[in-house]
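# Per-entry structural report
Chain by chain, the residues:
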Amino acid sequence: MKNFNSFLSPLIQAYVDYQKASERWNEASYEPNLLLFDRYCQKQYPDATVLSQEIVDNWCRKRLCCGQFHPLFEKTWKNKYQGT
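Residues numbered from 1 in each chain as written. Predicted model: local features only at pLDDT ≥ 70, side-chain atom pairs only at ≥ 80, totals over all residues. Heavy atoms only, no water.

### Considering the overall build of the chain
Quick note on the threshold: Numbering goes from the N terminus for both helices and strands, where a helix is a DSSP run of H or I of at least four residues and a strand is a run of E of at least two. Three exposure classes are used, based on accessible area relative to the maximum for each residue type with a 1.4 Å probe and protein chains only: buried under 20%, partly exposed in between, and exposed over 50%. Residue contacts are defined here by distance: any two heavy atoms, one from each residue, within 4.5 Å place the two residues in contact. Each accessible area value is a Shrake-Rupley result obtained with a 1.4 Å probe; residue values ignore everything except the protein chains displayed when judging cover.
Secondary structure summary: the chain contains four helices and zero strands in total. For the chain, the succession of helices and strands along the chain, N to C, is α-α-α-α. Within the chain, buried positions represent 30% of all 84 residues. Of the contacts formed within the chain by residues at least 6 apart in sequence, a portion of 44% connects residues at least 24 apart. Accessible area for the chain stands at about 6,100 Å²; split by element, carbon and sulfur atoms hold 53% of it.

Structure representation (structure tokens):
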């Protein structure tokens, strides 16, 4: 497991610990995405202390434009932010 370094690192680690204790942890699936989000928060919002709607919206916008957005949410997101 890699280290999380953003302001969310304690919460992310608690989530990982909970998922592992619940035998619901999928390292191949969850860890890469959590690491990407953690690195994004660390780089783009180095002074943040709380998770804001702006951070989440910008993360989702970034993921959509890069073709990495989950297809189940793509239509809803496009309707909300792109008016399609």
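### Brief notes about unusual backbone geometry
Even without glycine at this site, Glu23 takes up a positive phi of about 55°. Take Glu23: its relative accessible area is 75%, and that puts it in the exposed class.

### Examining the packing of aromatic side chains
In plain terms, the rule: The criterion for an aromatic pair is that two Phe, Tyr or Trp rings (for Trp, the six-membered ring) have centres within 6.5 Å, with stacked assigned to planes under 30 degrees apart, edge-to-face to planes over 60 apart and tilted to the rest.
In the structure shown here, the tally under the stated rule is four aromatic pairs. Ring geometry for Trp25 and Tyr30: centres 5.5 Å apart, planes at 45°, overall tilted. An aromatic cluster of at least three residues, connected via ring pairs, comprises Phe37, Tyr40, Tyr45 and Trp59.

### Observations regarding the confidence of the model for the chain
Counted only if it meets this: The pLDDT score gives, residue by residue, the confidence of the prediction method on a 0 to 100 scale.
Confidence in the prediction for the chain averages 81 pLDDT; 74% of positions are at 70 or higher. When mean pLDDT is taken per element in the chain, helix H1 (residues 9-21) scores highest with 93 and helix H4 (residues 71-82) scores lowest with 53.

### Examining the environment of Asp47
Residue position: Asp47 is located in the loop between helix H2 (27-44) and helix H3 (53-65). Separated by 41 residues in the primary sequence, Asp47 and Ser6 have C-alpha atoms spaced 9.4 Å apart.

### Quick word on H2
Using the following cut-off: A helix is expected to span 1.5 Å multiplied by its residue count minus one.
Between its first and last C-alpha, H2 extends 25 Å over 18 residues, near the 26 Å set by a 1.5 Å rise per residue. Here H2 has its buried residues at Glu31, Leu34, Leu35, Phe37, Asp38, Tyr40 and Cys41.

### Here's the deal with the packing of H1 against H2
The cut-off we apply is this: Axis definition: a line fitted to C-alpha atoms, limited for helices to the stretch in contact. Angles are taken between N-to-C directions and run from 0 to 180 degrees. Any angle that is under 35 degrees is reported as roughly parallel, and any over 145 degrees as roughly antiparallel; angles of 65 to 115 degrees are reported as roughly perpendicular and all others as oblique. Three residue categories are used. Nonpolar comprises Ala, Val, Leu, Ile, Met, Phe, Trp, Tyr, Cys and Pro, charged comprises Asp, Glu, Lys and Arg, and polar comprises the others, including Gly.
As a packed pair, H1 and H2 sit with axes 11 Å apart at the nearest point and diverge in direction by 170°. For the element pair H1 / H2, the angle class is roughly antiparallel. Contact residues: H1 offers Ser9, Ile12, Tyr15, Val16 and Gln19, while H2 offers Tyr30, Leu34 and Asp38. Looking at side-chain class alone, the contact of H1 with H2 contains five nonpolar, two polar and one charged residues.

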